[in-house]
Amino acid sequence: MSRRLTNLLLLPFLVSAFVTGWMAFATGTGWVRLPLIIHAISGLVIVVLIPWKSVIVRRGLARNRGQASTSSMLMLMVGIAILSGLLFSVAGIRSYGPLTAMQVHVGAGVLSLPLAVAHVWQRPVRPTRVDVERRNLLRIGGVLGVSGISYLALTGGTRLFRLPGHERRATGSYARGSGNPSAMPVTSWLDDSTPRIDPSEWRLVASHADDVTTYQLEDLAVFTDEVTAILDCTGGWFSEQTWGGVWLNRLVDIGNGSSVLVTSATGYRRRFPIGDSDRLLLATTLGGEPLSPGHGFPVRLVAPGRRGFWWVKWVQSIEIDDRPWWWQSPFPLT
Ligand code: HEM
Ligand SMILES: Nc1nc2c(c(=O)[nH]1)N[C@H]1C(S)=C(S)[C@@H](COP(=O)(O)O)O[C@H]1N2
Ligand SMILES: [Mo]
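Predicted model only: the values in this text are computed from it and were never measured. (Residues numbered from 1 in each chain as written. Chains lettered and ligands numbered in written order. Predicted model: local features only at pLDDT ≥ 70, side-chain atom pairs only at ≥ 80, totals over all residues. Heavy atoms only, no water.)

Participant: Got a minute to help me understand the site of ligand 1 in this structure?
Facilitator: Around ligand 1 sit 21 residues in total, of which Trp22, His39, Ser89, His105 and Arg168 are the nearest. Contact distances for ligand 1 include 2.5 Å between an oxygen atom and a side-chain N or O atom of serine 89. For ligand 1, a nitrogen atom lies 2.7 Å from a polar atom in the side chain of histidine 105. Secondary structure elements with two or more residues in the shell around ligand 1: α1 (3-26), α2 (33-48), α4 (68-91) and α5 (101-122). If you tally residues by element for the shell around ligand 1, the top one is α1, at six residues. (Near = heavy atom within 4 Å. Polar contact = N/O pair within 3.5 Å; in protein donor to acceptor, adjacent residues only side chain to side chain. Helix = DSSP H or I, 4+ residues; strand = E, 2+ residues; numbered from the N terminus.)

Participant: Can you walk me through the site of ligand 2 in this structure?
Facilitator: Within the structure, ligand 2 sits among 22 residues, and Pro185, Thr187, Asp192, His295 and Lys313 are positioned closest to it. Serine 264 is positioned such that a nitrogen or oxygen atom in its side chain is 3.2 Å from a nitrogen atom of ligand 2. Take arginine 300: an N or O atom from its side chain is 3.0 Å from an oxygen atom of ligand 2. Burial of ligand 2 by the protein amounts to 100% of the accessible area it has alone, namely 540 Å². (Areas by Shrake-Rupley, 256 points an atom, 1.4 Å probe, with all protein chains shown as cover.)

Participant: How should I be thinking about the coordination of the iron atom of ligand 1 in this particular structure?
Facilitator: Angles at a metal have ideal values that depend on geometry: 109.5 degrees with four tetrahedral donors, 90 or 180 degrees with six octahedral donors. Coordination of the iron atom of ligand 1 by the protein comes from His39 (NE2) and His105 (NE2), over a distance range of 1.9 Å. Taken together, the six donor atoms coordinating the iron atom of ligand 1 span angles of 86 to 179° at the metal, a pattern that classifies the geometry as octahedral. In this pair, histidine 39 sits in helix α2 while histidine 105 sits in helix α5, placing the two residues 66 residues apart along the sequence. The exposure class assigned to histidine 105 is buried, which follows from its relative accessible area of 15%. (Donors = N, O, S within 2.8 Å, 3.2 Å for Na, K, Ca; no water. Tetrahedral: all angles 85-135°; square planar, octahedral: opposite > 155°, others 65-115°. Buried < 20%, exposed > 50% of the residue type's maximum accessible area, 1.4 Å probe, protein only.)

Participant: Before we go on, may I ask you to explain the nonpolar core in this structure?
Facilitator: One broad trend across soluble globular proteins is that nonpolar side chains are buried collectively. Counting 46 residues, the largest nonpolar core has Leu282 and Ile318 as its most contacted members. Listed by contribution, the elements that provide at least two residues to this core are α5, β4 (204-208), β6 (225-233), β7 (237-247), β8 (259-264), β10 (281-286), β12 (300-302) and β13 (315-321). Two domains share this core, each providing at least three of its residues, namely domain 1 (3-172) and domain 2 (181-321). Dropping the residues within four chain positions of it, leucine 282 is found in contact with Leu204, Gly244, Gly245, Val246, Leu248, Leu251, Val299, Arg300, Leu301, Val315 and Ile318. Among the nonpolar cores identified, the runner-up in size contains 22 residues, and Ile82, Leu115, Ala116 and Val143 belong to it. (Core = buried A, V, L, I, M, F, W, Y, C linked by side-chain atoms within 4.5 Å. Domains from an automatic or database assignment. Contact = heavy atoms within 4.5 Å.)

What follows is the structure, given as structure tokens:
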């Protein structure tokens, strides 16, 4: 590997790890393995390039140009992301003190991207046609091959030696308290906290244009719809539980609306395609008992097949309208 080629390869694979990480977070079922395989291999490419990069780093430090702080921070963040990713996926290390492994991993990954952009800005390497000549393509293929084989060895070894990582779902998450609601974690996306809700004052407003219906908690008690579903939090755990309540499309006429916006008493909200409305449960019970405040009392959304951040807690309104469901931030902002 030439120095030039090493430098040229690092950035795209860092970006690839970043993008595929978020793609995996956006995916609940099915195809989630594909972005995660590309994710792991992208991270491993960076590891495979370490011997060549460390020569470059040593030379750079020797003639220190005063730009070492961005570079050191970048190395630290990428190092933390890769190490915490591997320790989570293989050894089952799920927390560091008060932080979850995923908070550390994604945090380091998110910080590394602007650092990488600043780093490359300070010492640009412009790709040219010579970089894609045959000899270099073979080298790139070699690096990818070694990374792919390392990935197979890691996943195979994890399974073979029954390391903690082999118990995970396709999303990479570990089981927590399935069938046992009291052992299921209470969590939030970023900084939402459990609101104090008086059940006698609480109302659910269901609307479709001028057609507005208001429900009290006892109005919902007559429904006995039920679903057993897996809540798969992007924090690295999942839990399968049985939820009781009412299918969303029984509370509001979906007519020819395009999407349904579900809003929490805290302001947290997600918009869903209208076709989901017969599969979205407004749950009032978990394991046959009323919801606890932390799990969303009095009513929380259950969105089977979608990642945890779609499962809006403390629901206060459902609104059908003509906006496309994707007219929202791909991930909640609070
Ligand atoms: C940009 C720097 C990043 C690097 C270098 C990186 C690298 C890695 C590596 C090497 C693993 C272990 C994979 C394995 O052995 O299977 C991993 C796991 C994981 N990463 Fe990242 N990652 C980065 C950012 C992110 C971000 C931003 C997210 C989410 C938004 C994310 C989500 C995940 C998840 C869910 C896993 C566990 C799933 C699995 O192991 O298949 N990563 N990462
Ligand atoms: N109002 C509100 N609902 C929310 C969240 C939030 O921060 N605010 N977090 C979501 C996330 S990320 C997950 S994983 C689940 C967690 O549900 P639980 O606390 O019942 O386990 O709630 C979802 N619903
Ligand atoms: Mo979550």
